[in-house]
Amino acid sequence: MTPFYTPPDISTETLAAQAHVKPSTIRVRLCRTGSYFGLIPKKLPNGRLSWPGDSYERLTNSARKG
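**Q** Quick question: what am I supposed to make of the overall build of the protein here?
**A** When helices and strands are counted, the protein shows three helices and two strands. In the protein, the succession of α and β elements from N to C terminus is α-α-β-β-α. Classification of the 66 residues of the protein by burial places 26% in the buried group. Put simply, of all contacts in the protein between residues at least 6 apart along the chain, 38% involve residues at least 24 apart. Total accessible area on the protein is roughly 5100 Å²; 57% of this is exposed by carbon and sulfur atoms. Averaged over its 10 positive side-chain charges, the protein has a centre that lies 9 Å from the centre of its 4 negative ones.

Below is the structure:
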């Protein structure tokens, strides 16, 4: 059995740059709906958000399916 690679978590700013949106767009959607198109971040003790490392891939894959 081969071990699975888990990419490191990314910041809201990094996710926004990958998705070509402003970080505030992601934060507003998260605040209003509880997720960013199905993605839910971890909230760190310092108040920042930590998104899964494969968030952009999940977004693009869900866009292709729907």
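Next, the rest of the story.
**Q** Sorry if this is basic, but what is going on with the nonpolar core here?
**A** The nonpolar side chains of soluble globular proteins are, as a tendency, buried together. In terms of nonpolar packing, the biggest core is built from 10 residues, these being I10, L15, A16, I26, L30, Y36, L39, L49, W51 and L59. Elements represented by at least two residues in this core include exactly α1 (12-19) and α2 (23-33). Residues within four places of L39 in sequence aside, it is in contact with W51, S55, R58 and L59.

**Q** What's the story with the confidence of the model for the protein in this structure? I'm lost.
**A** Residues shown with low pLDDT carry predicted positions that ought not to be read at fine detail. Looking at the protein, the pLDDT average stands at 91 and 92% of residues meet or exceed 70. Looking at the elements of the protein, mean pLDDT is at its lowest for helix α3 (residues 55-65), recorded as 83, and at its highest for α2, recorded as 97.

**Q** I'm lost on the environment of L59 in this one. Help?
**A** With respect to the element layout, L59 can be found in helix α3. In this structure L59 comes out as buried when scored by relative accessible area, which is 14%. In the structure, L59 is positioned 36 residues away from P23 in sequence and 15 Å away in space, judged by C-alpha atoms.

**Q** Sorry, what's going on with the packing of α1 against α2 here?
**A** Relative orientation and spacing of two packed helices are given, respectively, by the angle between their axes and the distance between those axes. The N-to-C vectors of α1 and α2 enclose an angle of 110°; their axes lie 8 Å apart at closest approach. In terms of orientation, α1 and α2 fall into the roughly perpendicular class. Contact residues: α1 offers T12, E13, L15 and A16, while α2 offers P23, I26 and R27. For the contact of α1 with α2, a count of residues per class yields four nonpolar, one polar and two charged.

**Q** Honestly, the pattern of salt bridges in this entry has me stumped. Any pointers?
**A** It is possible for side chains of opposite charge to pair when their charged atoms get near one another. If you walk through the whole model with that rule in mind, you get three salt bridges. The partner of D54 in a salt bridge is R58, and the shortest N-O contact between them spans 3.2 Å.

What counts and how
Residues numbered from 1 in each chain as written. Predicted model: local features only at pLDDT ≥ 70, side-chain atom pairs only at ≥ 80, totals over all residues. Heavy atoms only, no water. Helix = DSSP H or I, 4+ residues; strand = E, 2+ residues; numbered from the N terminus. Buried < 20%, exposed > 50% of the residue type's maximum accessible area, 1.4 Å probe, protein only. Contact = heavy atoms within 4.5 Å. Areas by Shrake-Rupley, 256 points an atom, 1.4 Å probe, with all protein chains shown as cover. Lys, Arg positive; Asp, Glu negative; His and termini not counted. Charge placed at Lys NZ, Arg CZ, Asp CG, Glu CD. Core = buried A, V, L, I, M, F, W, Y, C linked by side-chain atoms within 4.5 Å. pLDDT = per-residue confidence, 0-100. Axes fitted to C-alpha atoms, helices over the stretch in contact; angles between N-to-C directions. Parallel < 35°, antiparallel > 145°, perpendicular 65-115°, else oblique. Nonpolar A, V, L, I, M, F, W, Y, C, P; charged D, E, K, R; others polar. Salt bridge = Lys/Arg side-chain N within 4 Å of Asp/Glu carboxyl O.

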